[in-house]
Amino acid sequence: MSVAALGAMIVHLKKFRKYVLPALAATLLLWGASTISRVDLGAFLAGIPRGITLFGHMLPPQWEDFPGLIGPALETVQIAFVGTVLGAALAFLIGLLAAGNLSPHRAVRELARGALTAERALPDLIIILFFVAIVGLGAFPGVMAVAVCSIGMLGKLFADAFEEVDPKPLEAMAAVGATKAQIIRYAVLPQVFPSLIANTLYRFDVNIRMSIFLGVVGAGGIGFHLVMSMRLLQYREAMASILVILVLVVLCEKLSDAFRRRILGQEVLR
Amino acid sequence: MNDIVLLEAGRRKAGQRYRRYYERYLWSGGFLALLFGWSMVDLGISARLFIEGIPHFLVLLAEMFPPNWQALTGGKVLWSILETLSMAFLGTFLGAIISFVLGILAAGNVTPSRAVREAARTLMAVERAVPTLVIILLLLVVVGLGPFGGMLALAIGSVGMLGKLFAEAIENVDPKPLESLESAGATKMQIIRYSVLPQVVPSFIANALYQFDINLRAALFLGVVGGGGVGFNLHMAMSLFRYADALAITVVILVMILLAEKTADYLRRKIIGQEVLQ
């Protein structure tokens, strides 16, 4: 065999390893996953006319339901709001402990960071079901679940923000004998306030969606109404709930946008 | 003398600025505090509920330990885990394909026309506003209960975010290669293939892998409403007060999530590393 042929074979082998093997693996993976998820093109095609029929059954929405849906919609917003505030407050405290420049001790910092990471790794569903099991049904487990689920993400972002502050004001205050609380209040907080607010508002948008889902596991609110009317095949009522949910989500997003611009705009102008 | 006057003026100015700044915060803060208090009262949340919850919490913990590993025998839970992984994987895959097309249509610099761009943008904005719960409930009626409906819900749920990020990435590409290809007479497809995609595919893959992490968690929720997967097993165990079973399932879910995240991380590093080196 000539050297050229050998070289060509090696090139082929390389191409085989680079393109053919990954393609084979991807095909196998897709095939396996499709089988396990019971992907069914027939069901999909049959679903198209069924979807159109469903849509027909949903229209017009049950307009008479709207006054009765305002209460649950408000409850959903309240759960998200109270949960976000409580979660942000806890995240603030844990964030202080987890920030290297403010933490009382290295061990405390590592512990706080570890707790935040563990919370982020824990799926929200587990936390929600856990709180429903502890306190039973109602708004309280919902608020607790929203608060705890927010801590991991917010605490990490807060701690990172604390660590990135300009250290000079802190040193100056420490040099004139300020207490830790005074340093945090007058040197750290003014620097991180915009990012704390922006992150909390972003989390509020996430929590509104979570709060809607909470209705499914019994924490009340508009999600409960939607699931109930779907289960009872009351599609026009379901459509009313869906419309209220859409208005709710868009309205809350606009509201938090307005807040963000108002508060952050000031900071930027300052 | 002059210095003192200047100092006084400066101090007064700083004081004014300080007051203005705090008055504004006072209004926003007061409004939020009022809203918070009213919500707490309206929802019936009080410190008493917290205190009453503590013994319940301890009882629950005592019932969870030790985890009942027997709940995992028979392979039901492990099959559900596979189902959840498959749903998340296929949902992300399908969602990425749709986002890829929509993203190209929605990017101002490569879109076939303004109208198409607006249509694609609106479609994605609407999708982002619709909560996944609504999507899955409708899909379960349309294609029936089970993982297939869940997979489709995840695919649709991925499109809004992935498509938007992809469109933004395309709009931010360096325009010079596009212009030089165009002046050399390349077709639109050739321009996209040879000057746009090489710039944006790494970030697209990174975002898709990130979306896989999100979808895996979302897939857990789908099980609760009938979309298949291990979320159903967990919800059932909790509803039937089989807390020791629930803990065993929780441990398996955590292992699944950690492994999936590590795999996604590994792929991200591998694929993006290659692209950057090329």
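Just so it is clear, the model here is predicted, and its values are computed rather than measured.

A. Seen up close, the overall build of chain A. Scanning chain A from terminus to terminus reveals ten helices and zero strands. Written out in order from the N terminus, the α and β elements of chain A read α-α-α-α-α-α-α-α-α-α. The globule rule puts the C-alpha radius of gyration for 270 residues at 18 Å, and the 26 Å found for chain A is more than 25% above it. For chain A, the spread of C-alpha atoms along the three principal axes comes to 80 × 75 × 40 Å. Here chain A, with 270 residues, has 44% of them falling under the buried criterion. Taking contacts inside chain A between residues at least 6 apart in sequence as the whole, the part at least 24 apart equals 76%. About 13,900 Å² of surface is accessible on chain A, with carbon and sulfur atoms providing 72% of the total. Charge centroids of chain A, computed over 23 positive and 17 negative side chains, lie 9 Å from each other.

B. Structural view of the domain arrangement of chain B. According to the domain assignment, chain B contains domain 1 (2–64) and domain 2 (70–277). Just the C-alpha atoms count here: the centres of domain 1 of chain B and domain 2 of chain B sit 38 Å apart.

C. Quick peek at helix α5 (residues 132–143) of chain B. Residues and elements named next belong to chain B. Taking 1.5 Å of rise per residue, the twelve residues of α5 would be expected to cover 16 Å, and the 16 Å separating its terminal C-alpha atoms lies within 8% of that figure. In terms of residue burial, α5 counts as a mostly covered element, since nine of its twelve residues are buried. Listed in full, the buried residues belonging to α5 are L133, V134, I135, I136, L137, L139, L140, V142 and V143. Of the residues trailing α5, G144 is marked for its positive phi of about 90°.

D. Quick look at the interface of chain A and chain B. Contacts between chain A and chain B engage 65 residues on the former and 63 residues on the latter. For the pair chain A and chain B, the two sides together bury roughly 5,700 Å², of which 79% comes from carbon and sulfur. A per-residue breakdown of the area chain A buries against chain B is headed by I36(A), Q78(A) and F140(A), which together make up 11% of the total. At the junction of chain A with chain B, the criterion picks out one salt bridge.

E. Looking closely at the pattern of salt bridges. Tallied over the entire structure, the rule returns 15 salt bridges over all chains. Note that E163(A) is salt-bridged to R109(A), the shortest N-O span being 3.1 Å. Here E163(A) is found in helix α6 (residues 139–163), whereas its partner R109(A) is found in helix α4 (residues 106–121), with 54 residues between them in sequence. A salt bridge links R48(B) to E52(B); the nearest nitrogen and oxygen atoms lie 3.2 Å apart.

F. Structural context of the confidence of the model for chain B. Residue and element names in this part refer to chain B. In the predicted model, chain B carries a mean pLDDT of 84, and the fraction of residues at 70 or more is 93%. Looking over chain B, one finds the lowest element-wise mean pLDDT in helix α1 (residues 2–43), namely 76, and the highest in helix α3 (residues 76–106), namely 91. For this predicted complex, the interface confidence score (ipTM) comes to 0.79, while the overall pTM stands at 0.82.

G. Main features of the packing of helix α7 (residues 175–183) of chain B against helix α8 (residues 188–225) of chain B. Residues and elements named next belong to chain B. At a minimum axis separation of 9 Å, α7 and α8 run at an interaxial angle of 165°. One finds that α7 runs roughly antiparallel with respect to α8. The way α7 lies across α8 gives a crossing that is right-handed. Taking contact as the criterion, the partners of P177, L178, L181 and E182 in α7 are, on α8, Q190, I191, Y194, S195, V196 and Q199. In the contact of α7 with α8, the residues fall into six nonpolar, three polar and one charged.

H. Looking closely at unusual backbone geometry. A cis amide bond links L59(A) with the next residue in sequence, P60(A), at an omega value of -10°. Mapped onto the fold, P60(A) is located in the loop between α2 (41–58) and α3 (66–98). The peptide bond linking F65(B) to P66(B) adopts the cis configuration, its omega dihedral lying at -10°. Checked against the element boundaries, P66(B) lands in the loop between α2 (47–64) and α3. Backbone geometry at L233(A) places phi at a positive 60°, although glycine is not the residue there. Looking at where L233(A) falls in the secondary structure, it is placed in the loop between α9 (222–231) and α10 (235–269). If you check the backbone angles, F241(B) has positive phi at about 60° while not being a glycine. Here F241(B) lies in the loop between α9 (230–239) and α10 (243–277).

I. Inspection of the packing of aromatic side chains at higher detail. Residues and elements named next belong to chain B. Per the counting criterion, the structure on display carries twelve aromatic pairs over all chains. For the ring pair F166 and F204, a centre distance of 4.5 Å and an interplane angle of 50° mean the geometry is tilted. Here F166 is found in helix α6 (residues 147–171), whereas its partner F204 is found in helix α8, with 38 residues between them in sequence. Overall, F166 belongs to the buried group, its relative accessible area being 1%. With centroids separated by 6.3 Å and ring planes inclined at 75°, the aromatic side chains of F241 and Y243 adopt a geometry described as edge-to-face.

Definitions and limits used
- Residues numbered from 1 in each chain as written.
- Chains lettered and ligands numbered in written order.
- Predicted model: local features only at pLDDT ≥ 70, side-chain atom pairs only at ≥ 80, totals over all residues.
- Heavy atoms only, no water.
- Helix = DSSP H or I, 4+ residues; strand = E, 2+ residues; numbered from the N terminus.
- Rg over C-alpha atoms; globule rule 2.2 N^0.38 Å.
- Buried < 20%, exposed > 50% of the residue type's maximum accessible area, 1.4 Å probe, protein only.
- Contact = heavy atoms within 4.5 Å.
- Areas by Shrake-Rupley, 256 points an atom, 1.4 Å probe, with all protein chains shown as cover.
- Lys, Arg positive; Asp, Glu negative; His and termini not counted.
- Charge placed at Lys NZ, Arg CZ, Asp CG, Glu CD.
- Domains from an automatic or database assignment.
- Expected span 1.5 Å × (residues − 1).
- Buried area = accessible area lost by both parts, 1.4 Å probe.
- Salt bridge = Lys/Arg side-chain N within 4 Å of Asp/Glu carboxyl O.
- pLDDT = per-residue confidence, 0-100.
- Axes fitted to C-alpha atoms, helices over the stretch in contact; angles between N-to-C directions.
- Parallel < 35°, antiparallel > 145°, perpendicular 65-115°, else oblique.
- Left-handed = near helix turned anticlockwise from the far one by under 90°.
- Nonpolar A, V, L, I, M, F, W, Y, C, P; charged D, E, K, R; others polar.
- Phe/Tyr/Trp six-rings, centres within 6.5 Å; stacked < 30°, edge-to-face > 60°.

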